[in-house]
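Read off the chains here:
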Amino acid sequence: MGMATSFVLGELLGVGGMGRVFAATGACGAPLAVKVLAEPFASDAAMLARLRDEADAASRIDHRNVVRVRAQCETDGETQYLVMDRAPGMPLGQLIRQRGALSLTRFRTIALQLLAGVAAIHRAGMVHGDLKSDNVLVDPTQNDRVTIIDFGLAQTVRVAQRSHGSQVLCGTPEYMAPELIRGERTTVASDLYAVGVTLYEMLTGATPFGGDSATVVFDRQLREEAIPPSLRIVDRILPGPFEAVLLRALAKDPAARPHDADMYATALDRVFPVQPFARERDSGFVAVPERASASARTRDFTERHVEHRLARGTGSQRGDDTVGVRRDELATAISHSETPDTIAEAYLALVQALVAAHDLPTAVRELEAAVAWSVRVAVSPSARWPLLLSLAAAYDGTGDHDSAYRMARSARDTANAANSWLGEARANALVRRLDAAHARVRGVTERGPRRASAH
């Protein structure tokens, strides 16, 4: 593909593993993005081939939810670069870090577009190879229009099949399917696994399997089942069929995942919750806005502080601001002598922000403090069980399954005292999950080390 697009280079937009991406303006004023290979990749034959493959991959696809490549320059002295449309919007990962778990209405809008774009990639005979929330742009000014970007690891299905047995481990650990971690080829199924991780992240504010290192994440991807999203965000009601369809994409066995992106989108749409903001309140349900804060007073306080922090531009990411605002909100609820139940809700809002910022250890510490505090004051059972269940899920997320089991049983007893069918059901679901995990561990131990070493 020769160079056929003239442009004027502008500001630096981002830095990636292979090089830098600049804003540019085309001859007719069209907004462009130019990816420039960094040294030593610019003189590396393998990297140049990858850039050509990326250009070839993206140029085959004509879809509103996939970035369009215009041209690839073979050489400009020592510089190699790729010219593409500059897609509007912010990375989905950044949006999640700012907002935490997205509303279900917004989830549906983004998810269906993401799957439509992935389906177009697959119909063109390509696999993306590096689908993740930071490679999906969302433009709020255009009704959350989605654009999939960064084809740096894309391959044709044919090439991916030929590379079986010699696959280099490439990608982002939290989004990599178990078979990729084992060194198998990139496939449609592994792309759909990455989509499943991204959808889970949109619902809960965090990916299913985190860790302090790639090794820990890989081990959890291979060995553990994903915690159902409703156990991560205890104030969100998700119908069982919806969770089941969502989690199908995270199956360890590629053959158990949806066969294609179109089928997955259709299945999700058919079981989508009818009441996306339903939340349990005493004996019934009321509709509440996304991420409702503890009270009208603290909501107003939060909005003022968000605007103030954004005006100052503090923090490298707005996700940092969200955690700070939630801390301020909690402090305000306490200092204004709000009711214990209201303070408990403020604790949960802070924890959700910490989870969205991928800081699960701090979330655990905050929840432990909240549970200890709830024992000392008159927190009602209906406000206490979400704290206990959130801590149980957080323990499970860090791999501390014994503590998770004890806390889940306590959450179940407290929910029973509150006459909360939702709390009992969710606590029972976590207890059953942990019982099953313990049974698997006992079975592996009894069968001996040979079976235990097989993944």
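From a predicted model like this one, the values you see are computed outputs, not experimental measurements.

### Section: the overall build of the protein chain
So, point 1. A count of helical and extended segments in the protein chain gives 18 helices and 12 strands.
So, point 2. Looking at the protein chain as a whole, 51% of its 455 residues are labelled buried.
So, point 3. For the protein chain, the share of sequence-separated contacts (at least 6 apart) that also reach a separation of at least 24 residues comes to 65%.
So, point 4. When the accessible surface of the protein chain is summed, it comes to about 20400 Å², and 52% of that surface belongs to carbon and sulfur atoms.

### Describing empty space enclosed by the protein
So, point 1. Scanning the entire structure with this criterion turns up four cavities of 30 Å³ or more.
So, point 2. One number sums up the size of the second largest cavity: a volume of about 80 Å³.
So, point 3. Around the second largest cavity, the lining comprises 13 residues; the ones closest to its centre are Gly129, Asp130, Leu131, Tyr175 and Ala194.
So, point 4. With three residues, the single largest contributor to the lining of the second largest cavity is helix H6 (residues 188-204).
So, point 5. For the lining of the second largest cavity, the class distribution of residues is six nonpolar, five polar and two charged.

### A few points about the pairing of strand E9 (residues 145-148)
So, point 1. Across four bridges, strand E8 (residues 136-139) lies against E9 in antiparallel orientation. Counted as the bridge partner of Asp139 is Arg145 from E9.
So, point 2. The hairpin formed by E8 and E9 contains five residues between the paired strands, and Asn143 there has a positive phi angle of roughly 55 degrees.

### Describing unusual backbone geometry
So, point 1. Of note, the phi angle at Asn143 is positive, near 55 degrees, even though the residue is not glycine.
So, point 2. Residue position: Asn143 is located in the loop between E8 and E9.
So, point 3. One non-glycine residue, Asn419, adopts positive backbone phi at about 55 degrees.
So, point 4. Structurally, Asn419 can be placed in the loop between helix H16 (401-417) and helix H17 (421-447).

### A closer look at the sheet that holds E8
So, point 1. The three strands lie next to each other as E6-E8-E9, forming an open sheet whose pairing is antiparallel. Of all strands in the sheet, those with a lone pairing partner are strand E6 (90-91) and E9, marking the two edges.
So, point 2. Packed onto the sheet, helix H3 (residues 104-123) meets E8 and E9 and runs at close to 35 degrees relative to E9.

### Some points on the packing of aromatic side chains
So, point 1. Applying the stated criterion to the full structure yields three aromatic pairs.
So, point 2. Taking the centre distance of 5.8 Å and the plane angle of 90 degrees together, the rings of Phe242 and Phe272 count as edge-to-face. On the criterion of sequence distance, the pair formed by Phe242 in helix H9 (residues 240-248) and Phe272 in the loop between helix H10 (261-270) and strand E11 (278-281) is long-range, its members being 30 residues apart.
So, point 3. Residue Phe272 is classed as buried on the basis of its relative accessible area of 17%.
So, point 4. Through a chain of ring-to-ring contacts, three or more aromatic side chains come together here, namely Phe107, Phe242 and Phe272.
So, point 5. Directly above the aromatic system of Phe272 lies the positively charged group of Arg108, at a separation of 5.8 Å from the ring centroid.

### Points about the nonpolar core
So, point 1. In this structure, Leu92, Phe107, Leu199 and Tyr264 are the most contacted members of the largest nonpolar core, which totals 96 residues.
So, point 2. In this structure Leu199 touches Phe107, Ala111, Leu114, Leu246, Tyr264 and Leu268, once residues within four positions along its chain are discounted.

### So, the confidence of the model for the protein chain
So, point 1. Counting all residues, the mean pLDDT for the protein chain is 76, and 73% of those residues have values of 70 or more.
So, point 2. A low-confidence stretch, residues 276-320 stays under pLDDT 50, and its non-local contacts, those more than four residues away or across chains, total 80 contacts.
So, point 3. Within the model, the stretch residues 449-455 combines pLDDT values under 50 with five contacts to residues more than four positions away or in other chains.

### Quick look at H3
So, point 1. When the terminal C-alpha atoms of H3 are compared, their 28 Å separation across 20 residues agrees well with the 28 Å that a helix rising 1.5 Å per residue should span.
So, point 2. Summarising burial for H3: 14 of the 20 residues are buried, a large majority.
So, point 3. One or two steps after H3, the chain reaches Gly125, where phi turns positive at roughly 80 degrees.

### Describing the packing of helix H13 (residues 340-356) against helix H15 (residues 381-398)
So, point 1. The interhelical angle for the contact between H13 and H15, taken along N-to-C directions, is 25 degrees, at an axis separation of 9 Å. In terms of orientation, H13 lies roughly parallel with respect to H15. Once H13 is placed against H15, the crossing between them reads as left-handed. Of the residues in H15, those touching H13 at Asp341, Ala344, Tyr347 and Leu348 are Ser382, Ala383, Pro386, Leu387 and Ser390.
So, point 2. Considered class by class, the residues forming the contact of H13 with H15 number six nonpolar, two polar and one charged.

### Regarding the environment of Asp341
So, point 1. Looking at where Asp341 falls in the secondary structure, it is placed in helix H13.
So, point 2. For the pair Asp341 and Arg384, spaced 43 residues apart in sequence, the C-alpha separation works out to 7.9 Å.
So, point 3. Apart from residues lying up to four places away in sequence, Asp341 is in contact with Ala378, Val379, Ser380, Ser382 and Ala383.
So, point 4. Looking at Asp341, its side chain comes within polar contact range of the side chain of Ser380, at 2.7 Å.

The rules we used
- Residues numbered from 1 in each chain as written.
- Predicted model: local features only at pLDDT ≥ 70, side-chain atom pairs only at ≥ 80, totals over all residues.
- Heavy atoms only, no water.
- Helix = DSSP H or I, 4+ residues; strand = E, 2+ residues; numbered from the N terminus.
- Buried < 20%, exposed > 50% of the residue type's maximum accessible area, 1.4 Å probe, protein only.
- Contact = heavy atoms within 4.5 Å.
- Areas by Shrake-Rupley, 256 points an atom, 1.4 Å probe, with all protein chains shown as cover.
- 1 Å grid on protein atoms, 1.4 Å probe; cavity = no way out; pocket = protein on both sides within 12 Å on 5 of 7 lines; lining within 4 Å.
- Points joined across faces, edges and corners; volume = space filled by probe spheres on them.
- Nonpolar A, V, L, I, M, F, W, Y, C, P; charged D, E, K, R; others polar.
- Pairing = 2+ DSSP bridges.
- Axes fitted to C-alpha atoms, helices over the stretch in contact; angles between N-to-C directions.
- Phe/Tyr/Trp six-rings, centres within 6.5 Å; stacked < 30°, edge-to-face > 60°.
- Lys NZ or Arg CZ within 6 Å of the ring centre and 35° of its normal.
- Core = buried A, V, L, I, M, F, W, Y, C linked by side-chain atoms within 4.5 Å.
- pLDDT = per-residue confidence, 0-100.
- Expected span 1.5 Å × (residues − 1).
- Parallel < 35°, antiparallel > 145°, perpendicular 65-115°, else oblique.
- Left-handed = near helix turned anticlockwise from the far one by under 90°.
- Polar contact = N/O pair within 3.5 Å; in protein donor to acceptor, adjacent residues only side chain to side chain.

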